Amino acid sequence: MEKTTFFLALALSSGLLFTGCIEPSVDIPEQVAGLAPIYYEGDWRDIGAEPPQPIRELFKIYYKDSIIFAGESLKGIHVIDNTDPFYPETIKFIRIPGNSDIAIKGNTLYANNLSDLVAIDIGNLDDIRVLDRVRNAFPGGGSPLPDNYFGFFECPDTSMGAVVGWAEKVLERPECWR
Amino acid sequence: MARNLITALLLTALWSCAESDSEAAFSDSNTGTGGSLARFTIVGDYLYTVDNTTLNSFDISAAGEIKPRESILVGEGVETIFPLSGFLFLGTRSGMLIYRIQQGGVPQFVSNYQHVVSCDPVVANNEYAYVTLRASDCREAGPGAADLLEIIDISNITNPHVVASYGMDSPFGLGLDGQTLFLCEGAGGLKVFDVANPQNIQLLHHLTNFNAIDVIPLDGLLLVIGPDRIVQLDYTNIDDIRVISEISIGV
């Protein structure tokens, strides 16, 4: 009974959330290829400056005062000194778990830290500080399903921690889809 | 009908008003520059963010302090935000939405331009908005969706209308500097157009030796980001655009 209610709620919510685009499927397969959440190990609210990191997957760029800020997918920001554009130099990596977007005013960097919005003082890159945090400013933010993904996925379990990404996995009777 | 007319007149008045005071009120050298795929932007004392369905504003007038303000439901599939002269242009999967920033930073809906469902960012000047529509690898893409660059006349901000449309190959981010439009085509590289005549834009260059997702034109210096590298080009002489440096995997 409870399970039926859950399914109804799920079907209803997925229908409400994604109206127009998706026909909610109802046949749950025994086994199917899909996506499973990757949970962040440790405290995802822990933000800090690190030595330069290798570039893996960039997707956002921001520029201010001869510094390039390049977003590393869901991990943080590469800080590149571009005083001489012929010889750009990677000087720091700002670790911001679950980050996807930034903007800067003065010495303050505004970024999403998964579903939170944070203000970070970057005046001294060796000693960056979180000045303010708005919790859950982006409900459902952080790491949603990949934009172009439609199919089954493992329902995120909030007790496992914050979802920082998605990986392909063979799922047994998955109860979530879109 | 009469009410619509009055609203239109009022908005036209607001637009002309915005044009005259825009530079003084909204230019802010203290703020950086984002790419066209940005979902955060700062205008004056306000940070605006979009997240799929919502346009949020935050008062950041006090350094280091974030005060949540508006949270406006704007529809489905909002992907990008681009600020210009007191307006916010939102790229969504079903079209472009235009909001005016009112007193106190409050965004007010002005108009929209609808297109078939696809993935798309937008850049603009005071006359035209340039929107790329990507159907390739965009699973939400609706029937009839194609890979396009659309040029939309926004000189009447309340009534944006398409003036020209060009076939592209899986377009992503784009950047505008005067009459030069830089358009990223992912693995297909970077296209550079002269858009002086929107009815007849000219392809000046097509650089194919790197993967381009988004760009920032900086007055002669072009920053290009791909998934695996940052490429910088010198375009002070647009006929002789050239790569000057590259940061890639492994640094």
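The rules behind each value
- Residues numbered from 1 in each chain as written.
- Chains lettered and ligands numbered in written order.
- Predicted model: local features only at pLDDT ≥ 70, side-chain atom pairs only at ≥ 80, totals over all residues.
- Helix = DSSP H or I, 4+ residues; strand = E, 2+ residues; numbered from the N terminus.
- Buried ≥ 20, exposed ≤ 12 C-beta atoms within 10 Å, placed from the backbone.
- Contact = placed C-beta atoms within 7 Å.
- Domains from an automatic or database assignment.
- Nonpolar A, V, L, I, M, F, W, Y, C, P; charged D, E, K, R; others polar.
- Pairing = 2+ DSSP bridges.
- Axes fitted to C-alpha atoms, helices over the stretch in contact; angles between N-to-C directions.
- pLDDT = per-residue confidence, 0-100.

Q: Account for the overall build of chain B, naming residues and giving values.
A: Looking only at helices and strands, chain B has one helix and 19 strands in total. Across the 251 residues in chain B, those meeting the buried criterion constitute 45%. Counted over contacts in chain B with a minimum sequence separation of 6, partners at least 24 positions apart contribute 40%.

Q: Tell me about the overall build of chain A, residues and numbers included.
A: A count of helical and extended segments in chain A gives one helix and 13 strands. Counting helices and strands in the order they occur from the N terminus, chain A gives α-β-β-β-β-β-β-β-β-β-β-β-β-β. Every one of the 178 residues in chain A was classed for burial, and the buried ones make up 38%. Considering only contacts in chain A between residues 6 or more positions apart, those separated by 24 or more positions represent 49%.

Q: Provide a residue-level description of the domain arrangement of chain B, including the pertinent values.
A: All names here are of chain B. On domain assignment, one finds that chain B holds domain 1 (1-134 + 144-169) and domain 2 (172-251). Taken residue by residue, the interface counts 18 residues in domain 1 and 16 residues in domain 2. When contributions to the side of domain 1 that touches domain 2 are tallied by element, the ones reaching two or more residues are β9 (128-133), β10 (148-153) and β11 (161-167). Partitioning the side of domain 1 that touches domain 2 into residue classes produces 11 nonpolar, five polar and two charged.

Q: How would you explain the sheet that holds strand β4 (residues 67-84) of chain B if you had to name every residue and give the values?
A: Residue and element names in this part refer to chain B. Strands sit in the order β2-β3-β4-β5-β6-β7 across an open sheet of six strands; the sheet is antiparallel. Either end of the sheet is taken by a strand with one partner, and the two such strands are β2 (40-43) and β7 (107-114). Neighbour-to-neighbour, the strand axes of the sheet open up by a mean angle of 35°, direction not taken into account. Bridge count for strand β5 (residues 87-92) against strand β6 (residues 95-101) is six bridges, and the pairing is antiparallel. The partner of L90 across the bridge, within β6, is L97.

Q: Go over the interface of chain B and chain A with me, naming the residues and quoting the values.
A: Between chain B and chain A, the residue contacts involve 45 residues of the former and 39 residues of the latter. Elements with a contribution of two residues or more to the side of chain B that touches chain A: β1 (33-34), β2, β3 (46-59), β16 (214-218), β17 (221-225), β18 (229-234) and β19 (242-248) of chain B. For the side of chain B that touches chain A, the class distribution of residues is 23 nonpolar, 13 polar and nine charged. Sheet topology places strand β3 (residues 58-64) of chain A next to β1 of chain B; two bridges connect them, and they run antiparallel. Bridge assignment links Y63 of chain A to a residue of β1 of chain B, and that residue is T33 of chain B.

Q: Which residues make up the confidence of the model for chain A, and what values go with them?
A: Residue and element names in this part refer to chain A. With 81% of its residues at a pLDDT of at least 70, chain A reaches an overall mean of 81. Taken element by element, chain A is modelled with least confidence in helix α1 (residues 2-17), mean pLDDT 40, and with most confidence in strand β10 (residues 129-134), mean pLDDT 97. Note that pLDDT drops below 50 for residues 1-23; the model gives that stretch 10 contacts with residues more than four away or on any other chain.

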